[in-house]
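Chain and residue survey
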Amino acid sequence: MLQLENVTVTQDDFRLAADLTIREGARVAVIGPSGAGKSTLLSVIAGFYPPASGRVLWQDRDLTDLPPGDRPLSILFQDQNLFPHLTVAENVGLGIRSDLRLSPEDRGRVAEALERVGLSGMGDRRPGTLSGGQQSRVALARVLLRARPLMLLDEPFDALGPALRAEMLDLVAEIAGAMGATVLMVSHNPADALRIAPETILLADGRAHPPRGTAELLENPPPALAAYLGK
């Protein structure tokens, strides 16, 4: 269970408050108007930005003061955070060891992860030779090997076309389901939220509202969300 306990975030004249709980294994979208603080909220959970007050807890463990690397999570950004000078296999292997001193068993796990995401036989290639969708799969393979119980997605597939984006969302759901992972995904696309996330957190008017059913929220949006969606 992920808890944001009386969290407040401030940046100059920006302020965001969050007091909510996300159940273990849930898939939750984060939507709201531009500038509402969607990516900022993920940054607080990931440890990249400290809250002004409140606590971030996972399974009742206080994460608030832990550095990002010590938190039980993986995060996917839009740029996939792949290293161009490393091979695909090496990029994935970072999910096991940051120094890439991989044992034969580790290399076998890398090959299995690549096969799982549909990239079997591509381990020796460089990220720059891959399509956008293939790069997304490399990033997912690394998440698979990290095997962290919390997955944060900050619009990682936004640059992909609709069909490929839907395919990647389905793959995320499959991997998260197999791992039992909790997924929190920032999105500006209602169709993406409906596809992968039964529940949605709305950010509006300086507040991250507790999760609600995605279909219900989008069917009867409050004024701030309706304006954002053009309804």
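Attention here is on the structure that accompanies the text. (Residues numbered from 1 in each chain as written. Predicted model: local features only at pLDDT ≥ 70, side-chain atom pairs only at ≥ 80, totals over all residues. Heavy atoms only, no water.)

A short note on the layout of surface pockets
What the largest pocket holds in volume is close to 420 Å³. Taken together, 19 residues make up the lining of the largest pocket; nearest its centre are S74, I75, N81, R142 and R146. Counting only elements with at least two residues in the lining of the largest pocket, the list comes to β6 (73-76) and α4 (132-146). Taken together, the residues of the lining of the largest pocket sort by class into eleven nonpolar, five polar and three charged. (1 Å grid on protein atoms, 1.4 Å probe; cavity = no way out; pocket = protein on both sides within 12 Å on 5 of 7 lines; lining within 4 Å. Points joined across faces, edges and corners; volume = space filled by probe spheres on them. Helix = DSSP H or I, 4+ residues; strand = E, 2+ residues; numbered from the N terminus. Nonpolar A, V, L, I, M, F, W, Y, C, P; charged D, E, K, R; others polar.)

Some thoughts on the packing of aromatic side chains
A ring pair, where both rings are aromatic, is described by two values, the distance of the centres and the angle of the planes. In total, this model carries one aromatic pair according to the counting rule given. Relative to F77, the ring of F48 lies with its centre 6.3 Å away and its plane at 40 degrees, an arrangement referred to as tilted. Taken together, the residues F48 in the loop between α1 (38-46) and β4 (53-58) and F77 in the loop between β6 and α2 (88-93) connect sequence positions 29 residues apart. F77 sits in the partly exposed class, given a relative accessible area of 27%. (Phe/Tyr/Trp six-rings, centres within 6.5 Å; stacked < 30°, edge-to-face > 60°. Buried < 20%, exposed > 50% of the residue type's maximum accessible area, 1.4 Å probe, protein only.)

Digging into empty space enclosed by the protein
The tally for this structure, following the rule as stated, stands at one cavity of 30 Å³ or more. Counted as a void, the largest cavity has a volume near 90 Å³. Forming the boundary of the largest cavity are E155, P156, F157, D158, R165, L169, M185, V186, S187, H188 and D192. For the lining of the largest cavity, the secondary-structure elements that each account for two or more residues are α5 (162-179) and β8 (182-186). Residues belonging to the lining of the largest cavity are distributed by class as follows: five nonpolar, two polar and four charged.

Observations regarding the pattern of salt bridges
Tallying each qualifying case throughout the model produces eleven salt bridges. A salt bridge links R23 to E199, with the shortest nitrogen-to-oxygen separation between them at 3.6 Å. On the criterion of sequence distance, the pair formed by R23 in the loop between β2 (14-22) and β3 (27-31) and E199 in strand β9 (residues 199-204) is long-range, its members being 176 residues apart. Via salt bridges that share partners, E5, R55 and D62 belong to a single interconnected network. (Salt bridge = Lys/Arg side-chain N within 4 Å of Asp/Glu carboxyl O.)

Notes on helix α3 (residues 104-116)
Under the 1.5 Å per step criterion, the end-to-end length of α3 is 18 Å for 13 residues, consistent within 8% with the ideal 18 Å. All of the buried residues in α3 are D106, V110, A113 and L114. Projected down its long axis, α3 carries its buried residues within an arc of 100 degrees, all on one side. Exposed and oriented more than 90 degrees from the buried face of α3 are P104, E105, E112 and E115. Positive backbone phi, approximately 85 degrees, marks G118, located one or two places after α3. (Expected span 1.5 Å × (residues − 1). Arc of directions from axis to C-beta.)

Considering the pairing of β4
As paired elements, strand β1 (residues 2-11) and β4 share five bridges and run antiparallel to each other. Each residue of the ladder has a partner; that of L4, found in β4, is V56. Two elements, β4 and strand β5 (residues 61-62), share two bridges in a ladder whose sense is antiparallel. Bridging from a neighbouring strand, L57 pairs with D62 of β5. Here β4 hands over to β5 after two residues, with Q59 in that stretch at a positive phi of 50 degrees. (Pairing = 2+ DSSP bridges.)

Some points on α1
Counting buried residues along α1, seven of its nine residues qualify, which places the element largely inside the surrounding structure. Along α1, the residues that are buried comprise K38, T40, L41, L42, V44, I45 and A46. In the segment just after α1, G47 is the residue with positive phi, at about 95 degrees.

Examining the environment of A36
Checked against the element boundaries, A36 lands in the loop between β3 and α1. We classify A36 as buried; its relative accessible area is 14%. When the C-alpha positions of A36 and R146 are compared, they lie 30 Å apart, and in sequence the two are 110 residues distant. Among residues more than four places away in sequence, those in contact with A36 are F14, L16 and L203. (Contact = heavy atoms within 4.5 Å.)

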